[in-house]
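A closer look at the structure
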Amino acid sequence: MKIVPSILNANLLYLSSDLAKLEEADIEMIHVDIMDGSFVPNISFGPSFVEKIAEETTLKQDVHLMVQDPDQIVDDILEFQPEGITIHYEASSHCFQLLDKIKSHGVKAGIAINPGTSYETVEAAIMIADRVLVMTVNPGFGGQKFIKPMLHKVRKLDLTRQINQYAYQIEVDGGVNDETILACCDAQADEFVVGSYIFNGDPLAQIETLNKKLSE
Ligand code: DX5
Ligand code: ZN
């Protein structure tokens, strides 16, 4: 089980010292949300930010593409060899092709689903995914309320992976904090993206609280 801090709600003016704190907290990977103002009503970072982070830290990058046309941008991110790139099922017209392309570069290929997209819709795509990201808020902003019924999808994904011996990691993203992380863990999610809960306080202390919850 892994906590994956999302830097969307970090204060970017202090990012390098925050990244050092995450390293100190034994975090292995951060979550980088790329938003285009079209697929979601917010604009965040672009590929050059992924490059800058790679120069600054040894933390791996889990890149979450919330863009209308992932095919257009994916090459620019593959260049910097993040740990993984996750595309939205709702945004990709040929998701098998794109997932294969990401994998062919030695980068983990993830498929994300919005709260309004059913598990059944992505049943085929998850066969080849290295990661399935279940959005537990509507994508676009940090600090939103966790949508609990999404855990049903997490449980189904876990069951499907057991039955078929699929190898994907299940990641939850949105509204994960000290009150909701245990339910995600119980539903068998493997990776917990946590944004505002970590960066609205002292990252080291907040991560310690989450780790304690997970070991309860
Ligand atoms: C939301 C992003 C998330 C966001 C999570 O669309 O995909 O990664 O940063 O932030 P919190 O943890 O505050 O919900
Ligand atoms: Zn995200």
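Computed from a predicted structure; not experimentally measured.

Turning to helix α8 (residues 203-214), a few remarks are in order. Helix length check: α8, at twelve residues, gives a terminal C-alpha distance of 16 Å against a target of 16 Å (1.5 Å per residue), a fit within 8%. Looking only at α8, the buried set comprises Pro-203, Gln-206, Ile-207 and Leu-210. Here the buried residues of α8 occupy an arc of 100 degrees about the axis, which is enough to place them on one side. Across from the buried face of α8, at angles greater than 90 degrees, the exposed residues are Ala-205, Glu-208 and Lys-212.

Turning our attention to the pairing of strand β3 (residues 60-66). Within β3, six of the seven residues are buried, which leaves it mostly tucked inside the rest of the structure. With helix α2 (residues 47-56) bridging strand β2 (residues 29-35) and its parallel neighbour β3, the resulting β-α-β unit is right-handed. Direction of pairing for β3 relative to strand β4 (residues 84-88): parallel, over a ladder of four bridges. Across the sheet, the residue bridging to Asp-62 is Gly-84, located in β4. For the crossover that starts at β3, traverses helix α3 (residues 70-78) and ends in the parallel β4, the hand is right-handed.

Quick look at the UniProt feature "binding site: substrate" (unreviewed entry) in the protein chain now. With numbering matched to this structure, UniProt assigns "binding site: substrate" (unreviewed entry) to Ser-6, His-64, Gly-140, Phe-141, Gly-142, Gly-143, Gly-175, Gly-195 and Ser-196. Tracing the backbone shows Ser-6 in the loop between β1 (2-5) and α1 (15-24). Residues within four places of Ser-6 in sequence aside, it is in contact with His-31, Asp-33, Gly-142, Val-193, Val-194 and Gly-195. Note that Ser-196 resides in helix α7 (residues 196-199). Looking at Ser-196, the number of C-beta atoms within 10 Å reads 19, which means it is partly exposed. When residues no more than four places from it in sequence are discounted, the contact partners of Ser-196 are Asn-9, Gly-142 and Gly-143.

What counts and how
- Residues numbered from 1 in each chain as written.
- Chains lettered and ligands numbered in written order.
- Predicted model: local features only at pLDDT ≥ 70, side-chain atom pairs only at ≥ 80, totals over all residues.
- Helix = DSSP H or I, 4+ residues; strand = E, 2+ residues; numbered from the N terminus.
- Expected span 1.5 Å × (residues − 1).
- Buried ≥ 20, exposed ≤ 12 C-beta atoms within 10 Å, placed from the backbone.
- Arc of directions from axis to C-beta.
- Right-handed = clockwise from strand over helix to strand, strands pointing away.
- Pairing = 2+ DSSP bridges.
- UniProt positions renumbered as here; feature names shortened; annotations may be inferred.
- Contact = placed C-beta atoms within 7 Å.

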